Amino acid sequence: MQDNKTIRALTALAVAAALLVVALPLEAQNLVRRTTEFAMFKPAVIVLNNGSTLKKMANIFMRNGSLVYKRGNTTMQARTQAIARVEFDSATFVRIDTLLAEVVDTVGGNVLCRSRTIDMEAYQQMAYANRQITSVEISDFVNVSSVDLSAAEDILYPVRTVYYMTIGGKTVRVHERTLWPLVPKEKRRLYRTLLSLPDFSWSDTGWLKRLMRDCFQ
C-alpha cells in the first residue's frame, strides 16, 4: 500500500513538473480572451494596392494577421495581398508580407510597426498542459472567404508581438543583425551604445522609437 501511495505521489510530482516546464515560456507573453485586435468591429477605410478605397466594418484577425469585415451577418476574410493599408479611427495597419501590422511611429520616411498574432504553438502547449485539447483549437475558416471568430470566454490565447522597421523603403523584422546593415556608418557607434544600455529592450516601443529617431535619420 505504501509503495502504491509513493508511486502515485511521484507520478503527481512528475506531471506537475512537466506542466510547469510547458507553462514557463508562456509567462512572458500577453494573454487575451479574443481572437481579434478590437473587441468590436469598427468603421475602417481599406486602401487597396491600386489606390481605390472601401469603407467597411472591420477588424484584425489575430490568428493570421488578416483583415476581416462584415458582409451582412457574415464575417468575411479579405485577401491580404490586395491591401496596402487599413485606417481605423484609432490605428492604422499596413501590409507587411502576408499580414497587417499596426503603425506605432513614423520619423521622416521611416516607420515602426507592430504585429500581434496568436502563438499557435504556445497555445497548443498550454492546452495540452491543461488537458483541454479539442478538435478545434481556434475557430477555423468555414471557406476561403468567410470566417467564424467565435471564441470561448474561458480560453486564454497567448499573443506573439513582432516589431518591424521600414528604413529607406526597406522593411525588416526588428533585430540587432537585421538593422545593422541599415545603420549609417556615422551612427553605428551610437547604435551599439544604445543597445548596450542596461535597460534597453527590443520589446519596448519607447526604446525602438528612440532607436529609429537617433540612428536612422
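### What to know about the side chain of Glu37
Right, so step 1: Within the secondary structure, Glu37 is located in the loop between strand E1 (30-32) and strand E2 (42-48).
Right, so step 2: When near neighbours in sequence (up to four residues on either side) are disregarded, Glu37 contacts Asn59, Ile60, Met62, Phe93 and Arg116.

### Focus on the nonpolar core
Right, so step 1: Among the nonpolar cores identified, the biggest contains 20 residues, and Leu112, Met165, Val174, Leu179, Tyr191, Leu211 and Phe216 are the most heavily contacted of them.
Right, so step 2: Put simply, the parts of the chain that give this core at least two residues each are strand E10 (157-167), helix H4 (188-196) and helix H5 (205-215).
Right, so step 3: With five residues, H5 is the largest single contributor of residues to this core.
Right, so step 4: In this view, Tyr191 contacts His175, Glu176, Leu179, Trp180, Val183, Trp202, Leu211, Cys215 and Phe216; residues no more than four positions away in its chain are not counted.

### Notes on unusual backbone geometry
The phi angle of most residues is negative, glycine excepted, and most peptide bonds adopt the trans form.
Right, so step 1: Phi is positive for Asp97, which is not a glycine, with a value near 60°.
Right, so step 2: Tracing the sequence through the fold places Asp97 in the loop between strand E7 (92-96) and strand E8 (99-107).

### Digging into the packing of aromatic side chains
Right, so step 1: Under the counting rule described, the total for this entry stands at seven aromatic pairs.
Right, so step 2: Both rings, one in Phe38 and one in Phe93, keep their centres 6.2 Å apart while their planes meet at 90°; by these two values the pair is edge-to-face. Taken together, the residues span a long stretch of sequence, with Phe38 in the loop between E1 and E2 and Phe93 in strand E7 at a distance of 55 residues. Residue Phe38 shares its accessibility class with Phe93, and that shared class is buried.
Right, so step 3: Above the face of the Phe41 ring, Lys70 is positioned so that its terminal group lies 4.9 Å from the ring centre.
Right, so step 4: Here the basic side chain of Arg192 rests over the ring of Trp180, its NZ or CZ set 4.3 Å away from the ring centre.

### Digging into the pairing of strand E11 (residues 170-173)
Right, so step 1: When E10 meets E11, the two strands line up antiparallel, connected through four bridges. In the strand pairing of E11, Met165 is matched with Val172.
Right, so step 2: Linking E10 to E11, which pair antiparallel, is a turn of two residues; within it Gly168 sits at a positive phi near 60°.

### Overview of the pattern of salt bridges
Oppositely charged side chains are able to pair whenever their charged atoms sit close together.
Right, so step 1: Under the defined criterion, the tally for this structure stands at seven salt bridges.
Right, so step 2: The salt bridge partner of Arg210 is Asp214, with a shortest N-O separation of 3.3 Å. You can see Arg210 and its partner Asp214 sitting in helix H5, four residues apart, about one turn around the helix.
Right, so step 3: Classification of Arg210 by relative accessible area gives partly exposed; the value is 33%.

### What to know about H4
Each α-helix winds once per 3.6 residues, and so residues spaced three or four apart point in a common direction.
Right, so step 1: Here H4 has its buried residues at Tyr191, Leu194 and Leu195. Angular distribution of buried residues about the axis of H4 spans 95°; they occupy a single face of the element. Exposed side of H4, more than 90 degrees from the buried face: Arg189 and Ser196 are the residues found there.
Right, so step 2: Looking at the buried positions of H4, the neighbouring elements they touch are helix H3 (176-179) and H5.

### A look at the pairing of strand E9 (residues 110-118)
Successive residues of a regular strand alternate their side chains across the two faces of the sheet.
Right, so step 1: In terms of residue burial, E9 counts as a mostly covered element, since eight of its nine residues are buried.
Right, so step 2: Inspection of the sheet shows E8 paired to E9 by five bridges, in the antiparallel sense. Note that in E9 the partner of Val107 across the bridge is Asn110.
Right, so step 3: Counting the residues in the hairpin turn of E8 and E9 gives two residues, including Gly108, whose phi is positive at 65°.
Right, so step 4: Both E9 and E10 contribute to a ladder of eight bridges, which runs antiparallel. Note that in E10 the partner of Cys113 across the bridge is Tyr164.

About the criteria used
- Residues numbered from 1 in each chain as written.
- Predicted model: local features only at pLDDT ≥ 70, side-chain atom pairs only at ≥ 80, totals over all residues.
- Heavy atoms only, no water.
- Helix = DSSP H or I, 4+ residues; strand = E, 2+ residues; numbered from the N terminus.
- Contact = heavy atoms within 4.5 Å.
- Core = buried A, V, L, I, M, F, W, Y, C linked by side-chain atoms within 4.5 Å.
- Buried < 20%, exposed > 50% of the residue type's maximum accessible area, 1.4 Å probe, protein only.
- Phe/Tyr/Trp six-rings, centres within 6.5 Å; stacked < 30°, edge-to-face > 60°.
- Lys NZ or Arg CZ within 6 Å of the ring centre and 35° of its normal.
- Pairing = 2+ DSSP bridges.
- Salt bridge = Lys/Arg side-chain N within 4 Å of Asp/Glu carboxyl O.
- Arc of directions from axis to C-beta.

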